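One letter stands for each residue in the lines below.
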Amino acid sequence: MNDDHADDNVLIVRALGGVSAATAARMSGMDADAMEFKAVVDGIEVPVRVPFSERLTERRQVRAEAVRMYRDACEALGQEPRH
């Protein structure tokens, strides 16, 4: 997620995490309810927790939820998804 989708992380944090001023973000963890990010705002790293649309119970759900988050973030920000 961090290496291949760094730009996607920023979009998710800005749109779904409520941190519109984020200039960078990396996923720092997750549990069954949310992804956690470390976002950079004004040069300071801040924690951001972005909830999933539902509690995840199977590993295969993670990818689908990450894609949904990215697409929802693009829509919220008025951007065309790249993938």
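Keep in mind that what you see is a predicted model, and the values were worked out from it rather than measured.

Thresholds, definitions, all that
Residues numbered from 1 in each chain as written. Predicted model: local features only at pLDDT ≥ 70, side-chain atom pairs only at ≥ 80, totals over all residues. Heavy atoms only, no water. Pairing = 2+ DSSP bridges. Helix = DSSP H or I, 4+ residues; strand = E, 2+ residues; numbered from the N terminus. Axes fitted to C-alpha atoms, helices over the stretch in contact; angles between N-to-C directions. Contact = heavy atoms within 4.5 Å. Buried < 20%, exposed > 50% of the residue type's maximum accessible area, 1.4 Å probe, protein only. Expected span 1.5 Å × (residues − 1). Core = buried A, V, L, I, M, F, W, Y, C linked by side-chain atoms within 4.5 Å.

*Asks:* Please provide a residue-by-residue account of the sheet that holds strand 3 (residues 44–51), values included.
*Replies:* On the basis of which strands lie adjacent, the open sheet formed by three strands has the order 1-2-3 and antiparallel pairing. Both edges of this open sheet fall to strand 1 (24–30) and strand 3, since each of them pairs with a single strand only. For this sheet the average axis-to-axis angle between neighbouring strands, irrespective of direction, equals 30°. In terms of strand pairing, strand 1 meets strand 2 (residues 34–41) through six bridges, oriented antiparallel. Counterpart to Arg26 in the pairing with strand 2 is Lys38. Contacts from helix 1 (residues 6–16) reach strand 1, strand 2 and strand 3 within the one sheet, and its direction differs from that of strand 1 by about 85°. Relative to the sheet, helix 2 (residues 60–77) contacts strand 1, strand 2 and strand 3, its axis offset from that of strand 3 by approximately 110°.

*Asks:* I'd like a rundown of helix 1, residues and numbers included.
*Replies:* For helix 1, the full list of buried residues reads Asp8, Asn9, Val10, Leu11, Ile12 and Val13. Positive backbone phi, approximately 75°, marks Gly18, located one or two places after helix 1.

*Asks:* Please provide a residue-by-residue account of helix 2, values included.
*Replies:* For helix 2, spanning 18 residues, the distance from its first C-alpha to its last is 27 Å, which sits close to the expected 26 Å at 1.5 Å a residue. Those residues of helix 2 lying buried are Gln61, Glu65, Ala66, Met69, Tyr70, Ala73 and Cys74. Summarising the contacts, the buried residues of helix 2 are in contact with helix 1, strand 2 and strand 3. Positive phi appears at Gly78, one or two residues downstream of helix 2, with a value of about 70°.

*Asks:* Provide a residue-level description of the environment of Phe37, including the pertinent values.
*Replies:* Looking at the element boundaries, Phe37 is found in strand 2. C-alpha of Phe37 to C-alpha of Gln61: the two residues are 24 residues apart in sequence and 19 Å apart in space. Excluding its chain neighbours within four sequence positions, the residues that come into contact with Phe37 are Asn9, Ile12, Val13, Arg26, Met27, Ser28, Val46, Pro47, Val48 and Val50.

*Asks:* Which residues make up the nonpolar core, and what values do they have?
*Replies:* Membership of the largest hydrophobic core comes to 21 residues, with the highest contact counts inside it found for Ile12, Val13, Met35, Phe37 and Val48. If you list the elements that add at least two residues to this core, you get helix 1, strand 1, strand 2, strand 3 and helix 2. If one sorts the elements of this core by residue count, helix 2 sits on top with five residues.

These figures come from the coordinates and say nothing about function on their own.
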